[in-house]
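# Remarks on the overall topology
This is what each chain is made of:
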Amino acid sequence: MKRMGFLSWALWFGYAFLYVPIALLILYSFNESRLVTVWGGFSTKWYAELLHNDQLLSAAWLSLEVAAMSATVAVVLGTVAGLALARFGRFRGRTLFGGMITAPLVMPDVITGLSLLLLFVALEQLIGWPDGRGVTTITIAHTTFTMAYVAVIIQSRLVSLDESLEEAAMDLGARPAKVFFVITLPIIAPAIVSGWLLAFTLSLDDVVVASFVSGPGSTTLPMVIFSSVKFGISPQINALATLMVTVVSVGIFIASLIINRQERQKQRDEQMAVQGG
Amino acid sequence: MAVQPIRKPTRLEPWQDPSQTPYVRIEKVTKAFGDFIAVDDVSLSIYRGEFFALLGGSGSGKTTLLRMLAGFETPTEGKIFIDGVDMAGIPPYERPVNMMFQSYALFPHMTVEQNVAFGLKQDGVAKSEIRERVGAMLDLVQLGRFAKRKPHQLSGGQRQRVALARSLVKRPKLLLLDEPLGALDKRLREQTQFELVNIQEKLGVTFIVVTHDQEEAMTMSSRIAVMNHGVIAQTGTPTEIYEYPQSRFVAEFIGSVNMFEGRVVEDQSDHVLIRSEDAGCDLYINHAVAVPSGATVGVAVRPEKIALSKEPPAGSDGRNVTTGIVREIAYLGDVSIYLVELKTGKTVRVTAPNLVRRTEMPITWDDEVYLTWRPFAGVVLTQ
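None of the values given here were measured: they were computed from a predicted structure.

Cut-offs and rules
- Residues numbered from 1 in each chain as written.
- Chains lettered and ligands numbered in written order.
- Predicted model: local features only at pLDDT ≥ 70, side-chain atom pairs only at ≥ 80, totals over all residues.
- Helix = DSSP H or I, 4+ residues; strand = E, 2+ residues; numbered from the N terminus.
- Rg over C-alpha atoms; globule rule 2.2 N^0.38 Å.
- Buried ≥ 20, exposed ≤ 12 C-beta atoms within 10 Å, placed from the backbone.
- Contact = placed C-beta atoms within 7 Å.
- UniProt positions renumbered as here; feature names shortened; annotations may be inferred.
- Domains from an automatic or database assignment.
- Nonpolar A, V, L, I, M, F, W, Y, C, P; charged D, E, K, R; others polar.
- Pairing = 2+ DSSP bridges.
- Axes fitted to C-alpha atoms, helices over the stretch in contact; angles between N-to-C directions.
- Expected span 1.5 Å × (residues − 1).
- Bend = angle between axes of the 7 residues up to and from the residue.
- Core = buried A, V, L, I, M, F, W, Y, C linked by C-beta atoms within 7 Å.

### Brief notes about the overall build of chain A
Scanning chain A from terminus to terminus reveals 11 helices and zero strands. Secondary structure elements of chain A occur, N-terminal to C-terminal, as α-α-α-α-α-α-α-α-α-α-α. For 277 residues, the compact-globule estimate of 2.2 N^0.38 gives 19 Å, and the C-alpha radius of gyration of chain A, at 24 Å, exceeds that figure by more than 25%. Dimensions of chain A along its principal axes, counting C-alpha atoms only, are 70 × 70 × 35 Å. Residue burial in chain A is summarised as follows: out of 277 residues, 30% are buried. In chain A, once contacts between residues fewer than 6 apart in sequence are set aside, the share between residues at least 24 apart is 76%.

### Some thoughts on the UniProt feature "domain: ABC transmembrane type-1" (unreviewed entry) in chain A
As annotated in UniProt, the feature "domain: ABC transmembrane type-1" (unreviewed entry) corresponds to residues 60-255 of chain A in the numbering used here. Counted over residues 60-255 of chain A, helix gives 82% and strand 0%. Its end C-alpha atoms are 24 Å apart.

### Describing the UniProt feature "transmembrane region" (unreviewed entry) in chain A
All names here are of chain A. Within this structure's numbering, the places UniProt gives as "transmembrane region" (unreviewed entry) are residues 12-30, 59-85, 97-123, 135-158, 179-199 and 237-259. The distance separating the terminal C-alpha atoms of residues 59-85 is 37 Å; by composition the span is 100% helix and 0% strand. End-to-end, the C-alpha atoms of residues 135-158 are 33 Å apart, and along that stretch the chain is 100% helix and 0% strand.

### Observations regarding the domain arrangement of chain A
Residue and element names in this part refer to chain A. Domain annotation of chain A identifies domain 1 (55-229) and domain 2 (234-277). On a C-alpha basis, the centroid separation for the pair domain 1 and domain 2 is 25 Å. Elements that contribute at least two residues to the side of domain 1 that touches domain 2 include exactly helix 3 (54-87) and helix 10 (221-229). Here the side of domain 1 that touches domain 2 is composed, by residue class, of three nonpolar, one polar and no charged.

### Quick word on the sheet that holds strand 18 (residues 347-353) of chain B
Residue and element names in this part refer to chain B. Strand order across the open sheet formed by five strands is 15-19-16-17-18, with antiparallel pairing between neighbours. Looking at which strands have only one partner, the edges of the open sheet turn out to be strand 15 (307-309) and strand 18. Along the sheet, successive strands turn relative to each other by an average axial angle of 45°, direction set aside. Sheet analysis places strand 17 (residues 335-342) next to strand 18, joined by seven bridges and oriented antiparallel. Bridging from a neighbouring strand, Leu-339 pairs with Arg-349 of strand 18.

### Notes on the interface of chain B and chain A
Think of interface size as the accessible area that goes away when the parts come together; that is how it is often given. Residue-level contacts link 21 residues of chain B with 23 residues of chain A. Residue assignment for the side of chain B that touches chain A shows that the elements contributing at least two residues are strand 6 (97-100) and helix 2 (112-122) of chain B. Here the side of chain B that touches chain A gets three residues from one element, more than from any other, and that element is helix 2 of chain B. Considered class by class, the residues forming the side of chain B that touches chain A number 11 nonpolar, eight polar and two charged.

### Topic: helix 1 (residues 6-29) of chain A
Residue and element names in this part refer to chain A. The end-to-end C-alpha distance of helix 1, which contains 24 residues, comes to 34 Å, matching closely the 34 Å that a straight helix rising 1.5 Å per residue would cover. Remark: the principal bend of helix 1, roughly 40°, maps to Tyr-19, with a proline, Pro-21, within the next four residues. Across the 24 residues that make up helix 1, only a small minority, two, are buried.

### Here's the deal with the nonpolar core
Formed by 106 residues in total, the largest nonpolar core has its most connected members in Ala-165, Leu-176 and Ile-208 of chain B. Those residues in contact with Leu-176 of chain B that lie beyond four places of it in its chain are Leu-66, Leu-69, Ala-70, Val-97, Met-99 and Ile-208 of chain B. Ranked by size, the runner-up nonpolar core spans 42 residues in total, among them Leu-50, Val-66, Ala-151 and Val-213 of chain A.

### Details of unusual backbone geometry
Cis geometry is found at the peptide bond from Trp-129 of chain A to Pro-130 of chain A, where omega equals 0°. Relative to the elements of secondary structure, Pro-130 of chain A occurs in the loop between helix 5 (109-127) and helix 6 (135-160). Its identity as a non-glycine residue notwithstanding, Glu-179 of chain B has a phi of 45°, on the positive side. Overall, Glu-179 of chain B belongs to the partly exposed group, with 19 C-beta atoms counted inside 10 Å. Here Asp-366 of chain B, not a glycine, exhibits a phi torsion of approximately 65°, which is positive. Secondary-structure assignment places Asp-366 of chain B in the loop between strand 18 and strand 19 (368-372).

Here's what the structure looks like:
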């Protein structure tokens, strides 16, 4: 047991730091008692009650909807922005533009939310759109700040992509638009998928920006959870969180299985190539 | 080491035939990237069916010139004509040329077959014809049984041949090759050199090859343009470039060479005599040079054209003969390289075939030897 020293302590402490809160949350979702912090025996009744809580369920559904929509729009806009930054070549103010795309990453959510709210109100007064605040405004707001993340991911993928692939396609007679859809897009597809997932997670997670730009009848799940904390958390929220953790864990597990298999397949292929001479 | 061209000389070289029109004409082309001038006022004529090499070190502008032919860069000044058509404003996807990239640029998400078929698909060729032509092309590069594999399932040599097949399948009149053998190991490279020449002769396509490897350029090409700092230093057949370099740069870039400095003392129509402190003797060269008496010139003598002996050579008049002490011997199997230090302090490189086994070799370390060469061996360089 040579390794039982500082490093293993650091390991255990680090993981405990990360996972004890989540483990506690899962444990208390099976709590019989109504009081969140007092153990009253094992029960699954909160899961049953959750299924009948329309407010929570509709908020969860709304959140998923907003996340999916804003992630999709963000991926389209972010890919276009990333493409422009990576492939436009040198132009005056390129560094400025490059820096400006990443600014929303570091901008405090409060400021993003407030400025968007001001914009929506002004727009409504000027052109009558968006008509009040609701799903549309939340989606637009989420697209605004998640798009920056997608653009950064796509840009860094494109920078590492061998430009001669695109040149070769053009040399063989493909026009630039075709080159993009037939060569570039399939090759950067994994980056686009991870950009979408990141945007989806960020949107699902957001409470600050959504609070500014949401209206009556458009309360997202994080907002519901956040506001219900004020009256004391219902164990139903624990149950809901447990379900979400489960879904995410299963998703990650399957993804890593697939990646593992592809990796092994690739190694076999490469070995075959070397032996094949 | 002298490298012999592997192609048979053709009957009449097109560049010497005034009735031929060049297939590719590069006229006073300059390319600047900001303040940096990559290609500087280059003019070249390349003829149909040639295997033309652009040879130079990194940063010599050879790749930029090739990319301008393909249409990936626009000349800052000058014009490029291919088959008589001005290429200005014609995008890469409409040019009658194809290019083989240094990185091969195989599409990683497509099989070998799909990679090769890509160009034909863009032209809207019928499916049955695509299948036929791709099959024939894969057979030509001996990759028929790898058709369904992805690029990452192939070895380096196989990838190189897929790239070649992909660039040839559209039957371009002109193929541009950017360091086509750069990523291969030495043995595979030699073998592939012959394959490339064979394919080029079989298909009759004009090849323009960019390379930094002088041996590669010498063995494969019909003509070579040696480039340095964006300028063409010399254009000629491999033999011309090797035997009659026009400048110090070319003489030193192609093979190895001994340079002697000297002063012209006799300047006749059939010979020149150069007095050289460097060499420690008079240098006699049996051809005229257009330099006035008294001018300082350089004389290049290739290492394999110098003979070593322990006895003074018979019938010598003291010209093209000097003495020195053997300092280093590198035994390479077929030849040995001798580094001989002259009395003047200059070190001269001599290569000699190993006619006898090493243990029986008459010349060894610290021997005093005579170095001689024939009147045709030296080349006078004024630049």
